[in-house]
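Working through the structure, step by step
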Amino acid sequence: MENILPRREARENAFLLAFSQTFGDVPLREALLNNTENEEHPVDVFGKRLLNAYYDHSAEVDDLISSHLRNWTMSRLPRVSLTVLRLALAEMLYGDEKKVGVVINEAVELTKKYGADEDYQFVNGLLGTVAREQGLDTAEDAASEEP
């Protein structure tokens, strides 16, 4: 039986795996299959769904990010911010739970933890803009977030 992690930990572990793949030649799908023995940062069912949502919709997600960059290119974005944005947008747009406010908050927290000092503001702004453009409700109650 597979562990079910608190959503925050599941998102963080999914982020850590996706982020690690930005440095190597192993495709994300293969890394996910090979991650079953990772005891320090296990990826649970929810984390796998996040990673698969990004993997399955990576072109759409990257196009969406790129279309919202002003005077920037994808290659200039910090890896942490880009990885957080990719996973958050995949969850917001293709995930089952549709807790957009929670997703944005968690993305900001991950960026604060792993990114540069002010990067979280960019992540928050881009995700908020996309949510508004897509007509997504960001007013969910974060208290109902645990599995």
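Residues numbered from 1 in each chain as written. Predicted model: local features only at pLDDT ≥ 70, side-chain atom pairs only at ≥ 80, totals over all residues. Heavy atoms only, no water.

Topic: the packing of aromatic side chains
According to the stated counting rule, one finds three aromatic pairs in the structure shown. With centroids separated by 5.2 Å and ring planes inclined at 80 degrees, the aromatic side chains of Phe19 and Phe23 adopt a geometry described as edge-to-face. The structure contains a cluster of three or more aromatic residues connected by ring pairs, namely Phe15, Phe19, Phe23 and Tyr114. Lying across the ring of Trp72, Arg76 places its NZ or CZ 4.0 Å from the centre. (Phe/Tyr/Trp six-rings, centres within 6.5 Å; stacked < 30°, edge-to-face > 60°. Lys NZ or Arg CZ within 6 Å of the ring centre and 35° of its normal.)

Looking at the confidence of the model for the chain
The share of residues in the chain with pLDDT of 70 or more is 90%, and the mean pLDDT across the chain is 87. Low confidence marks residues 141-147, where pLDDT is under 50. Its contacts with residues over four positions away, or in another chain, come to 12 contacts. (pLDDT = per-residue confidence, 0-100. Contact = heavy atoms within 4.5 Å.)

Regarding the side chain of Thr111
Tracing the backbone through its elements, the reader meets Thr111 in helix H6 (residues 100-114). Under the relative-accessibility criterion, Thr111 is labelled buried at 0%. With residues up to four places along the chain from it excluded, the contact list for Thr111 reads Val80, Ser81, Val84, Ala116, Asp119, Tyr120 and Val123. (Helix = DSSP H or I, 4+ residues; strand = E, 2+ residues; numbered from the N terminus. Buried < 20%, exposed > 50% of the residue type's maximum accessible area, 1.4 Å probe, protein only.)

A short note on unusual backbone geometry
Even without glycine at this site, Asn71 takes up a positive phi of about 60 degrees. Its place among the elements puts Asn71 in the loop between helix H4 (58-67) and helix H5 (79-94). Although it is not a glycine, Lys98 adopts a positive phi angle of roughly 55 degrees. Tracing the backbone through its elements, the reader meets Lys98 in the loop between H5 and H6.

A few points about the environment of Arg11
If you trace the backbone, Arg11 turns up in helix H1 (residues 7-21). You can call Arg11 buried: its relative accessible area is 5%. Along the primary structure Arg11 and Leu110 are separated by 99 residues, whereas in three dimensions their C-alpha atoms are 8.8 Å apart. Side-chain polar atoms of Arg11 contact the side chain of Glu91, separated by 2.8 Å. (Polar contact = N/O pair within 3.5 Å; in protein donor to acceptor, adjacent residues only side chain to side chain.)

Some points on empty space enclosed by the protein
The gaps of empty space that remain are located by a probe, the size of a water molecule, rolled over the atoms. On inspection of all chains with the given rule, the structure shows two cavities of 30 Å³ or more. Of the voids in this model, the largest cavity is the one considered here, and its volume is about 100 Å³. As for the largest cavity, its lining consists of Arg11, Phe15, Leu50, Thr83, Val84, Leu87, Ala88, Glu91, Val103, Glu106, Ala107 and Leu110. In terms of residues, the lining of the largest cavity owes the most to one element, H5, which gives five residues. Across the lining of the largest cavity, the residue classes tally to eight nonpolar, one polar and three charged. In this structure, the second largest cavity encloses a volume near 40 Å³. Taken together, Glu91, Met92, Gly95, Asp96, Glu97, Lys98, Lys99, Val100 and Val103 form the lining of the second largest cavity. Listing elements by their share of the lining of the second largest cavity, those giving two or more residues are H5 and H6. Its residues assigned to classes, the lining of the second largest cavity comprises three nonpolar, one polar and five charged. (1 Å grid on protein atoms, 1.4 Å probe; cavity = no way out; pocket = protein on both sides within 12 Å on 5 of 7 lines; lining within 4 Å. Points joined across faces, edges and corners; volume = space filled by probe spheres on them. Nonpolar A, V, L, I, M, F, W, Y, C, P; charged D, E, K, R; others polar.)

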